[in-house]
Amino acid sequence: MTGGGSSAIASLFSVPGASRTVIEAIVPYHAASLRDYLRSDDAGCTPATARAMAMTAYQRACRFADLTPVFGLGCTAAIATDRERRGSDRCHLSVQSAERTLALDISLTKSADRDAQETLCADALLWLMSWSLGLTREAFEMPVDAGEARFTEVAAPAAWVDLLAGRSRQTHTPATGLI
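Residues numbered from 1 in each chain as written. Predicted model: local features only at pLDDT ≥ 70, side-chain atom pairs only at ≥ 80, totals over all residues. Heavy atoms only, no water.

> Explanation requested: the packing of helix α2 (residues 31-38) against helix α3 (residues 47-64) in the structure shown.
Relative placement of two packed helices is described by the angle separating their axes and the distance separating the axes. Between α2 and α3, the shortest axis-to-axis distance is 10 Å and the interhelical angle comes to 55°. Compared by their axis directions, α2 and α3 come out oblique. Crossing of α2 over α3 shows left-handed handedness. Contact residues: L34, Y37 and L38 in α2; T49, A52, M53, T56, A57 and R60 in α3. (Axes fitted to C-alpha atoms, helices over the stretch in contact; angles between N-to-C directions. Helix = DSSP H or I, 4+ residues; strand = E, 2+ residues; numbered from the N terminus. Parallel < 35°, antiparallel > 145°, perpendicular 65-115°, else oblique. Left-handed = near helix turned anticlockwise from the far one by under 90°. Contact = heavy atoms within 4.5 Å.)

Printed below as a string of structure tokens:
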């Protein structure tokens, strides 16, 4: 996460036994830190950045975990601040596993204060994790007048599942032959 929604980390770590399921929580708060984490110069508060963060976290989880299945989570948010922001207040979250990508994109109303927006982003993050684990199938509910949310789920083709799970090194069989 890049800051907004990070109170969810404390919620996760407050559960006894969390060390058996949570591998790490990284908060690249500064823009340069986020670019380094993603190994990319394109790292703004966008849905693409949340998906890239989730993929990076997933790849790290695959390296460090004895657990299967694993997933990575990404959250980037631009919430109420003490300076004038040119863009909208928003939160983009994503979960990446070998089988699918989940995304929750939230447009926040500027009338809400930082605490309310932080709570909403943290709640959304915990909801998205619950959805990805099959613990809930209820839709995410935005508080009245808090903004709008859009949820998407994309299943990976079988060849991509095998690639992400490390069972294959390619997504198709290359053509061979001589001319």
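> Any chance you could explain the sheet that holds strand β1 (residues 72-78) here in plain terms?
Hydrogen bonds along the backbone pair up the strands of a sheet, which may run parallel or antiparallel. In space, the four strands of this open sheet follow the order β1-β2-β3-β4, with antiparallel pairing throughout. Two strands lie at the open edges of the sheet, namely β1 and β4 (147-155), each paired on one side alone. Adjacent strand axes in the sheet meet at a mean angle of 10°, parallel and antiparallel pairs treated alike. Strand direction decides the pairing type here: strand β3 (residues 100-108) and β4, joined by nine bridges, are antiparallel. Bridged to D105 within β4 is R150. (Pairing = 2+ DSSP bridges.)

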